[in-house]
Amino acid sequence: HFSFLRDTRVGDTVVIERFSGRKFVYEVVGIDVVDSRRGSLLLDTDTSILSLVTCYPFDAAEAGGPLRYVVTARLLGSSPAERAEVARRH
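Bear in mind that the values here come from a model prediction, so they are computed numbers and not experimental data. (Residues numbered from 1 in each chain as written. Predicted model: local features only at pLDDT ≥ 70, side-chain atom pairs only at ≥ 80, totals over all residues. Heavy atoms only, no water.)

Enquirer: Looking at this structure, I do not really get the pairing of strand S1 (residues 13-17). What am I missing?
Expert: Remember that side chains alternate between the two faces of the sheet whenever the strand is regular. Pairing between S1 and strand S2 (residues 23-35): five bridges, direction antiparallel. Directly across from Val-14, in S2, lies its bridge partner Tyr-26. Adjacent in sequence and paired antiparallel, S1 and S2 are bridged by five residues, among which Gly-21 carries a positive phi angle near 100 degrees. (Pairing = 2+ DSSP bridges. Helix = DSSP H or I, 4+ residues; strand = E, 2+ residues; numbered from the N terminus.)

Enquirer: What's the story with the packing of aromatic side chains in this structure? I'm lost.
Expert: How two aromatic rings sit relative to each other is given by the distance of their centres and the angle of their planes. Across all of its chains, the model carries four aromatic pairs by this definition. Centre to centre, the rings of Tyr-56 and Tyr-69 are 5.6 Å apart; their planes meet at 15 degrees, and the pair counts as stacked. Separated by 13 residues along the polypeptide, Tyr-56 in the loop between strand S3 (49-55) and strand S4 (67-75) and Tyr-69 in strand S4 bring together distant segments of the chain. One aromatic cluster in this structure is built from Tyr-56, Phe-58 and Tyr-69. (Phe/Tyr/Trp six-rings, centres within 6.5 Å; stacked < 30°, edge-to-face > 60°.)

Enquirer: Looking at this structure, I do not really get the sheet that holds S1. What am I missing?
Expert: Paired through their backbone hydrogen bonds, the strands of a sheet run either parallel or antiparallel. A sheet is described by the order of its strands in space; here four strands give the open sequence S1-S2-S4-S3, paired in antiparallel fashion. Of all the strands in the sheet, the pair left with one neighbour each is S1 and S3. Geometrically, the sheet is characterised by an average inter-axis angle of 35 degrees between neighbouring strands, direction not taken into account. (Axes fitted to C-alpha atoms, helices over the stretch in contact; angles between N-to-C directions.)

Structure, rendered in structure tokens:
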């Protein structure tokens, strides 16, 4: 489902829209391949981050291997008005 992440680059924006129509705009700050047997995700942070995780490699013959493709993005703007302005541009 997340195979489109292969085309994602650091600096790209990701827009998440809630059912209510409220948009949240994130900037991609990191892309990593992590071995799930040895690595972990940082979930408790002081900043709002979005972590998108999918199996890797994208074209694996069988799903369920240990590698994960992790895209990390930080929330842009410091107020709802700033985020709305960035969202309007995307």
